[in-house]
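# Commentary on secondary and tertiary structure
Next come the chains, spelled out residue by residue.
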Amino acid sequence: MKPTHLMKIADLSVTEIDEILCSASMMKANRSDQVSSWPLAGKSIGLIFEKASTRTRISFEVAMTQLGGHSLVLGSEGSQMTRGESVADTVKVLSRYVDGLVIRTFGQDVLEEWALHAMIPVINGLTDLHHPCQVLADLFTIQERVGQLQKVKIAYVGDGNNVAHSLIEASVRMGMILSLACPAGYQPHQAIMDAACMGSHVGTVECGTDPVSAVKNADFIYTDVWTSMGCEGEKNTRDNVFSGYQVNEALVAEAKPQALVMHCLPAHRGEEITSDVIDGPQSIVFDQAENRLHVQKAILVQLLGN
Ligand code: CP
Ligand code: NVA
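Residues numbered from 1 in each chain as written. Chains lettered and ligands numbered in written order. Predicted model: local features only at pLDDT ≥ 70, side-chain atom pairs only at ≥ 80, totals over all residues. Heavy atoms only, no water.

## Some thoughts on the overall build of the protein
Selection criterion: Runs of E in the DSSP output that reach at least two residues are strands. Runs of H or I that reach at least four are helices, and both are numbered from the N terminus. Note on exposure labels: buried denotes an accessible area under 20% of the residue type's maximum, exposed denotes more than 50%, and partly exposed covers the range between, all computed with a 1.4 Å probe on protein chains only. Contacts are assigned to residue pairs that have any heavy atoms within 4.5 Å of one another. In this description, accessible areas are obtained by the Shrake-Rupley approach with a 1.4 Å probe, and a residue is regarded as covered only by the protein chains that are shown. Asp and Glu count as negative and Lys and Arg as positive, but His and the ends of the chain are not part of the count. Positions of charges follow a simple convention, taking NZ of Lys, CZ of Arg, CG of Asp or CD of Glu.
Looking only at helices and strands, the protein features 13 helices and nine strands. Oriented by its inertia axes, the alpha-carbon framework of the protein measures out at about 55 × 45 × 40 Å. Relative to its 306 residues, the protein shows a buried fraction of 53%. Nonlocal contacts in the protein, meaning residues at least 24 apart in sequence, comprise 76% of its contacts between residues at least 6 apart. For the protein, the exposed area adds up to about 13,200 Å²; of that, 53% sits on carbon and sulfur atoms. One finds the centroid of the 23 positive side-chain charges in the protein at a distance of 4 Å from the centroid of its 35 negative side-chain charges.

Now the structure itself:
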């Protein structure tokens, strides 16, 4: 049977997203029960991370344990890939051992090559282009706070990066209003914006350059690092370009009075977000981080469950 991969949010129908959010809600409410029901008993996943990770890697590992399964971190160091074994041959073999793979890498094309040859589900644990598991947890966190996604306004301030791309794809599907403020030259990929604006979607997305305009009437303000993994050589330039894109108390005051602040983490305090905001009463970033665990469980059961 052909596996279903999770490469990007656009791979999921609205129904599938709703099912993941509903399942995550049950996972969170009944977290102690999963240990006895063990929906993934006897199953294993492999974690292949070519970039650093705290939340994604550990939440997938703990999720498998709590679902009765097992996870293995497959470092590329020490594997035969360092000596030239191809992705295709490696994944054909791994498909005979494990039941799924979570891969964090650079190019989306690299991830797609793994998926092309895999006989098991492949989950995107972050690429340069997309971060779907993060954004599913973000949707869950928003829904948990306000009870719905439709007509909720999110302002995204900062780099038009992987997180922004997944937010765009999610917002238009789920009926949200997404307003991005990204500096010229750092806006989301035009193809992702075009696909979002042209499809038969119910949400809206717009991208400008002014953070104050973006956050007007926002229910949620979201930001991410100015320098993503893989872009470290551009840090000095980026610090200059993004200096007016900090989420601080003055910017939060321009949104709705009770607007909530989100960040996928890790944060660079004093750069894209100030400590008083991330530690303040309107911040929900640590709930977001916790929800990665509940949502990873829902994703795993949807893709690997019987
Ligand atoms: N948000 C997120 O993906 O965090 P990690 O890089 O720690 O996995
Ligand atoms: N945009 C960030 C997200 C980290 C979770 C990066 O790619 O480094």
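## Re the pattern of salt bridges
Between side chains of opposite charge, pairing is possible as soon as their charged atoms come close. Selection criterion: The rule for a salt bridge is simple: a side-chain nitrogen of Lys or Arg has to be within 4 Å of a carboxyl oxygen of Asp or Glu.
One pass over the full model with this rule turns up 13 salt bridges. Across the pair Glu290 and Lys28 runs a salt bridge, and its minimum N-O distance is 3.9 Å. In this pair, Glu290 sits in helix H13 (residues 285-304) while Lys28 sits in helix H1 (residues 14-29), placing the two residues 262 residues apart along the sequence. On the basis of relative accessible area, Glu290 is assigned to the partly exposed category, the value being 33%.

## Observations regarding the sheet that holds strand E2 (residues 70-73)
Here is the rule we go by: By definition, two strands form a pair when at least two bridges between them are found by DSSP. Whenever a helix is involved, its axis is fitted only over the stretch in contact; in every case the axis is a line through C-alpha atoms, and angles between N-to-C directions fall within 0 to 180 degrees.
If you trace the four strands from one edge of the open sheet to the other, you get E2-E1-E3-E4, paired in parallel fashion. Of all the strands in the sheet, the pair left with one neighbour each is E2 and strand E4 (122-124). The average undirected angle you get between the axes of adjacent strands in this sheet is 25 degrees. Two elements, strand E3 (residues 100-104) and E4, share three bridges in a ladder whose sense is parallel. For Ile103, the partnering residue across the bridge sits in E4 and is Asn124. Sheet strands in contact with helix H5 (residues 108-117) are strand E1 (44-49), E3 and E4, and its direction is about 165 degrees off that of E4.

## Remarks on the environment of Ala88
Looking at the secondary structure, you find Ala88 in helix H4 (residues 87-94). Judged by relative accessible area, which is 13%, Ala88 ranks as buried. In the structure, Ala88 is positioned 64 residues away from Val152 in sequence and 42 Å away in space, judged by C-alpha atoms.

## Observations concerning the site of ligand 2
Which entries qualify depends on this criterion: What makes a residue near a molecule or strand is one non-hydrogen atom of that residue sitting within 4 Å of it. Under this definition, polar contacts are N or O atom pairs within 3.5 Å; protein pairs additionally need one hydrogen-donor-capable and one acceptor-capable atom, and for neighbouring residues in sequence, both atoms have to be side-chain atoms. For each structure, a 1 Å grid was placed over the protein atoms alone; sets of points admitting a 1.4 Å probe that cannot get out are labelled cavities, open sets with protein on both sides within 12 Å along at least five of seven lines are labelled pockets, and lining residues have an atom within 4 Å of a point. Any molecule with more than half of its atoms within 2 Å of a cavity's or pocket's grid points is regarded as sitting in that cavity or pocket. Gly is placed with the polar residues, together with every amino acid not listed as nonpolar (Ala, Val, Leu, Ile, Met, Phe, Trp, Tyr, Cys and Pro) or charged (Asp, Glu, Lys and Arg).
The environment of ligand 2 is made up of Leu126, His131, Asn161, Asn162, Asp224, Val225, Ser228, Met229 and Leu265. Contacts to ligand 2 include Asp224, whose side-chain N or O atom sits 2.6 Å from a nitrogen atom. Summarising the interface, the protein chains cover 95% of the accessible area of ligand 2, which totals 270 Å² for the free molecule. A majority-of-atoms criterion places ligand 2 in the largest pocket. When its residues are assigned to classes, the shell around ligand 2 shows four nonpolar, four polar and one charged.

## Side note on the state of the cysteines
The bond known as a disulfide is covalent and runs between the sulfur atoms of two cysteines. Operational definition: By convention in this document, the label disulfide applies to cysteine sulfur atom pairs within 2.5 Å.
Following the criterion strictly, the structure yields zero disulfides and no others. Not part of a disulfide, Cys182 finds its nearest cysteine sulfur in Cys207, a span of 4.1 Å. For Cys182, a relative accessible area of 0% puts it in the buried group. Exposure remark for Cys207: the relative accessible area of 24% places this residue in the partly exposed category.

## A few points about the packing of helix H3 (residues 55-66) against H13
Formally: Any angle from 65 to 115 degrees is called roughly perpendicular, while one under 35 is roughly parallel, one over 145 is roughly antiparallel, and all others are oblique. Crossing chirality is assigned from the near helix's rotation relative to the far helix, an anticlockwise turn below a right angle marking it left-handed and a clockwise turn marking it right-handed.
Close contact between H3 and H13 brings their axes to 8 Å; oriented N to C, the two are set at 55 degrees. Taken together, the axes of H3 and H13 are oblique relative to one another. H3 and H13 meet at a crossing whose hand is right-handed. Contacts from Arg55, Thr56, Ser59, Phe60, Val62, Ala63, Met64 and Gln66 in H3 reach Ala289, Arg292, Leu293, Gln296, Lys297 and Leu300 in H13.

By themselves these figures say nothing about function.
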